[in-house]
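Tertiary structure, described
Chain by chain, the residues:
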Amino acid sequence: MKLRASPSLPAIVVLGVAACTVPGVGDLTYDQPPDTATAGTTGASDGAPATTDEPAPTTGTTGEAPGTSTTSSGPTSEPGSTTADDPPAPPAIVEGKLDVDVVVKHEPLVVTIQTANAEGVRMQVDGGPKIELVLVDEENNLFTGQIVIYTALENDDPHVATFVAWRGALESETYELPFTVDLPPAGSELFWEGDNAIGKGTVVALAVTPKHELIELGTYYPQGQARCYLRRRDLGGAWGAGDLFEVKPGLPCSAIDLAVDDVGALHVLVDKLEDGELRWWLGKYDVWAGTPTQIGTGVVGDAARALALDRADNRVAVCGNRPDGDLVRAAVWLFAPGESGKNLSYDYVPKNELPDPLGFGETPNDCAFVDHHLLVTGEVKGQHDQDSFTRARHFLLNVDAAGENPEWHIAPQDSGTQSGGRVLAIDAGGRAMTGGYACGDQCEHTAELRMFAAGGDQVWQRSLDPLLADPRALVWHPAGYVVFVAARDGQQGSTSFFAQAWFPLQAAPVWSYAHQDALAIHTPTSLAIGPYGQIYAGGMTAGGYPAVAFIAP
């Protein structure tokens with residue numbers, strides 16, 4: 001799982017987060033995705049970006065040049081002094097300020113409010129939830145907070161932040177500060193790096209630390225030997241000496257997955273070849289380029305495909321499969337602090353059907369924790385529906401906190417007789433989005449998205465561009481849409497580095513992004529979301545070199 005950094009201030013309100021009732025699905029709602037929750041959100045309806053009515057006229061000054069601050073004044077006279085016989089003076093807002101009045105970068109908008117006779121200040125943005133600001137200077141009665149705008153889909157809407165100072169049950173008059181949003185267009189390219197600085201290789205996984213560092217895990221080939229590496233960048237893409245080191249140095253190695261916990265420790269999953277034996281290895285780096293702690297390792301024949309981190313219980317899961325005769329079994333390796341790891345296997349047995357004498361083989365491809373449960377997606381292959389033909393079907397597997405009581409959700413024959421799940425992302429409400437494929441018996445993959453309610457029922461399915469390969473990474477964005485990356489077929493056997501965003505239940509994408517340096521193979525493989533909505537994608541570019549793209553949300 002990709003974890004966002006924690007905000008620097010507790011009083012934050014965010015814009016561009018869908019929190020809506022979806023038409024045609026009853027009470028199914030969409031909140032902001034996991035790991036990006038702050039203090040509140042603004043709303044939108046029908047899966048679209050947040051909109052607001054025209055704000056009421058304000059007393060604040062407007063019309064300043066972009067990048068200048070907005071300041072409004074409170075009452076023209078200071079609140080009067082009192083004597084013992086006078087009632088207490090009411091709370092009042094003396095002055096308010098935004099550090100800029102035109103938001104042009106993905107950075108928080110800082111609010112400062114000066115008060116008199118107040119215990120606190122409540123902020124509301126575009127009629128959204130009320131947020132308490134933080135008292136930072138008691139002597140001067142200064143309160144502060146942040147407004148985060150996650151997406152350029154807010155560009156065309158007028159915005160206004162309103163404030164009320166309070167003391168006990170008393171409240172001041174409403175105070176307003178208008179602002180506008182002029183972020184780069186959604187889907188536009190902000191940064192691209194794909195060169196031979198470290199030679200040939202691929203960025204396999206990305207994550208953002210609480211210190212606002214972008215970490216990439218990849219495989220590269222110094223002297224023609226496969227090695228795993230970690231590279232550290234700032235959120236502008238820059239890196240330098242000391243920002244790259246090898247994982248399991250000196251050993252043939254292939255990167256698999258990466259996760260960052262709340263304190264910034266890196267959990268790294270790789271395959272390593274040691275003493276002639278290929279095994280997966282899970283390690284934890286508490287310090288950059290330090291000595292890792294081994295969390296677990298597989299046995300020969302085990303296949304690890306994904307890593308999931310449970311922040312609530314500080315558990316880690318490795319998801320994959322292990323051989324079982326002529327078949328493979330879904331496998332999960334669970335690790336919790338102070339406990340020995342659990343090796344768990346899951347065998348799909350259809351309900352209300354005669355047992356398949358040949359059995360079913362399960363191949364998990366991705367997994368994620370939600371509410372102490374683990375969700376796993378992949379494909380299960382066998383003779384479904386008592387048919388004599390062996391087919392693959394998309395599955396979503398739900399196991400409880402102990403790794404027991406598995407619930408299998410198998411896709412029916414809908415968009416094709418065969419299907420499979422490749423990648424998985426979970427939103428704050430526990431709903432799962434998978435990216436995968438569907439096809440017929442003569443299987444030519446059509447990429448698709450499927451969404452499942454918290455109980456596991458499928459509620460939405462969308463076939464994607466037929467030129468796309470299967471999605472390789474998928475994340476929920478705090479604007480309420482999902483983003484995936486996949487290679488897209490081009491001319492003369494080439495592919496482009498492609499990303500696309502979708503609001504659930506909508507008929508068209510929100511935006512699309514493509515990069516192609518030449519008529520060559522480009523393969524995006526990874527995604528991460530920054531603390532203020534930035535979209536980071538990684539993979540391989542023309543010539544077989546590692547590539548990183550920053551995409552405007």
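Some details on the overall build of the protein chain
- If you tally the helices and strands in the protein chain, you get 0 helices and 42 strands.
- The buried share of the protein chain, taken over its 553 residues, is 53%.
- Counted over contacts in the protein chain with a minimum sequence separation of 6, partners at least 24 positions apart contribute 55%.
- Put simply, the protein chain shows about 22,800 Å² of open surface, and 49% of that area lies on carbon and sulfur atoms.

Focus: the side chain of glutamine 534
- If you trace the backbone, glutamine 534 turns up in the loop between strand E40 (523-529) and strand E41 (535-541).
- For glutamine 534, a relative accessible area of 12% translates into the label buried.
- A polar side-chain atom of glutamine 534 sits 2.8 Å from the main-chain amide nitrogen of tyrosine 532.

Quick look at the state of the cysteines
- In this structure the tally under the stated criterion is 3 disulfides.
- Residue pairing for cysteine 228: its cysteine sulfur links by disulfide to cysteine 253, the two sulfurs lying 2.0 Å apart. Every disulfide takes its handedness from the sign of the S-S torsion; for cysteine 228 and cysteine 253 that torsion is -95°, giving left-handed. Of the two residues, cysteine 228 sits in strand E18 (residues 227-234) while cysteine 253 sits in strand E20 (residues 253-260), which places them 25 residues apart along the sequence.

Quick look at the sheet that holds strand E19 (residues 244-247)
- Read across the open sheet, the 4 strands follow the order E16-E17-E18-E19; overall the sheet is antiparallel. Of all the strands in the sheet, the pair left with one neighbour each is strand E16 (201-208) and E19. Put simply, the sheet's adjacent strands are angled 25° from each other on average, direction ignored.
- Bridge analysis of E16 against strand E17 (residues 213-220) gives 7 bridges, and the strand direction is antiparallel. Residue pairing in the sheet places glycine 201 in a bridge with tyrosine 220 of E17.

Here's the deal with the pairing of strand E28 (residues 361-370)
- Of all 10 residues in E28, 10 are buried, a share of seventy percent or more.
- Of the pairings in the sheet, the one linking E28 to strand E29 (residues 373-382) comprises 9 bridges and is antiparallel in character. Each residue of the ladder has a partner; that of valine 370, found in E29, is histidine 373.
- Hairpin connection between E28 and E29: a loop of 2 residues separates the two successive antiparallel strands, and aspartate 371 in this loop has a positive phi of roughly 50°.

Considering the side chain of histidine 515
- With respect to the secondary-structure elements, histidine 515 resides in strand E39 (residues 511-515).
- Here tryptophan 192 takes part through its side chain, which lies 3.3 Å from a polar atom of the side chain of histidine 515.
- The residues touching histidine 515, leaving out its near neighbours within four places in the chain, are Glu189, Trp192, Ser496, Phe497 and His522.

Overview of the nonpolar core
- Core analysis: the biggest nonpolar cluster contains 23 residues, and Val111, Ile113, Leu133, Ile147, Phe163 and Phe179 have the highest contact counts within it.
- Those elements giving two or more residues to this core turn out to be strand E5 (92-98), strand E7 (109-116), strand E8 (120-125), strand E11 (142-149), strand E12 (159-167) and strand E14 (175-181).
- In contact with valine 111, other than residues within four places in its own chain, are Lys97, Leu98, Met123, Leu133, Phe143, Thr144, Gly145, Ile147 and Phe163.

Some points on the sheet that holds E41
- Strand order in this open sheet of 4 strands is E15-E42-E41-E40, and the pairing throughout is antiparallel. Because the sheet does not close on itself, it has two edges, and the strands there are strand E15 (189-194) and E40. Going across the sheet, the axis of each strand differs from the next one's by a mean of 15°, ignoring polarity.

So, the packing of aromatic side chains
- Enumeration according to the criterion identifies 14 aromatic pairs in this entry.
- The interplanar angle of 80° and the centroid separation of 5.1 Å between the aromatic rings of tyrosine 348 and phenylalanine 360 together place this pair among those described as edge-to-face. One end of the pair, tyrosine 348, is in the loop between strand E27 (342-346) and E28; the other, phenylalanine 360, is in the loop between E27 and E28, and 12 residues separate them in sequence. Note on accessibility: tyrosine 348 and phenylalanine 360 belong to one class, buried.
- Taken together through their ring pairs, the aromatic side chains of Tyr348, Phe360, Phe395 and Trp408 make up a single cluster.
- When the ring centre of tryptophan 239 is taken as reference, the NZ or CZ atom of arginine 231 above it lies at 4.5 Å.

Re the environment of glycine 242
- With respect to the helices and strands, glycine 242 occurs in the loop between E18 and E19.
- Each C-alpha atom of the pair glycine 242 and arginine 231 lies 8.9 Å from the other, and the pair is 11 residues apart in sequence.
- When neighbours within four sequence positions are excluded, glycine 242 is seen to be in contact with Arg232 and Trp288.

A closer look at the confidence of the model for the protein chain
- Confidence in the prediction of the protein chain, expressed as mean pLDDT, is 87, and 83% of residues score 70 or more.
- Below a pLDDT of 50 lies the segment residues 1-10, which in the model reaches 43 contacts outside its immediate sequence neighbourhood of four places, other chains included.

A word on the pattern of salt bridges
- Taken as a whole and assessed by the stated rule, the structure comprises 26 salt bridges.
- The partner of glutamate 274 in a salt bridge is lysine 272, and the shortest N-O contact between them spans 2.9 Å.
- Of the charged contacts in the structure, one is a salt bridge between arginine 322 and aspartate 302, with a shortest N-O distance of 3.9 Å. Placement of the pair is arginine 322 in strand E25 (residues 315-324) and aspartate 302 in the loop between strand E23 (293-297) and strand E24 (303-310), with a sequence separation of 20 residues.
- One network of salt bridges, in which partners are shared, links Glu193, Glu216, Arg231 and Arg233.

So, unusual backbone geometry
- You will see that alanine 289, though not glycine, has its phi angle at about 65°, which is positive.
- Mapped onto the secondary structure, alanine 289 falls in the loop between strand E22 (277-285) and E23.
- The phi torsion at glutamine 492 lies on the positive side, around 55°, for a residue other than glycine.

Reading guide: rules and limits
- Residues numbered from 1 in each chain as written.
- Predicted model: local features only at pLDDT ≥ 70, side-chain atom pairs only at ≥ 80, totals over all residues.
- Heavy atoms only, no water.
- Helix = DSSP H or I, 4+ residues; strand = E, 2+ residues; numbered from the N terminus.
- Buried < 20%, exposed > 50% of the residue type's maximum accessible area, 1.4 Å probe, protein only.
- Contact = heavy atoms within 4.5 Å.
- Areas by Shrake-Rupley, 256 points an atom, 1.4 Å probe, with all protein chains shown as cover.
- Polar contact = N/O pair within 3.5 Å; in protein donor to acceptor, adjacent residues only side chain to side chain.
- Disulfide = S-S within 2.5 Å.
- Pairing = 2+ DSSP bridges.
- Axes fitted to C-alpha atoms, helices over the stretch in contact; angles between N-to-C directions.
- Core = buried A, V, L, I, M, F, W, Y, C linked by side-chain atoms within 4.5 Å.
- Phe/Tyr/Trp six-rings, centres within 6.5 Å; stacked < 30°, edge-to-face > 60°.
- Lys NZ or Arg CZ within 6 Å of the ring centre and 35° of its normal.
- pLDDT = per-residue confidence, 0-100.
- Salt bridge = Lys/Arg side-chain N within 4 Å of Asp/Glu carboxyl O.

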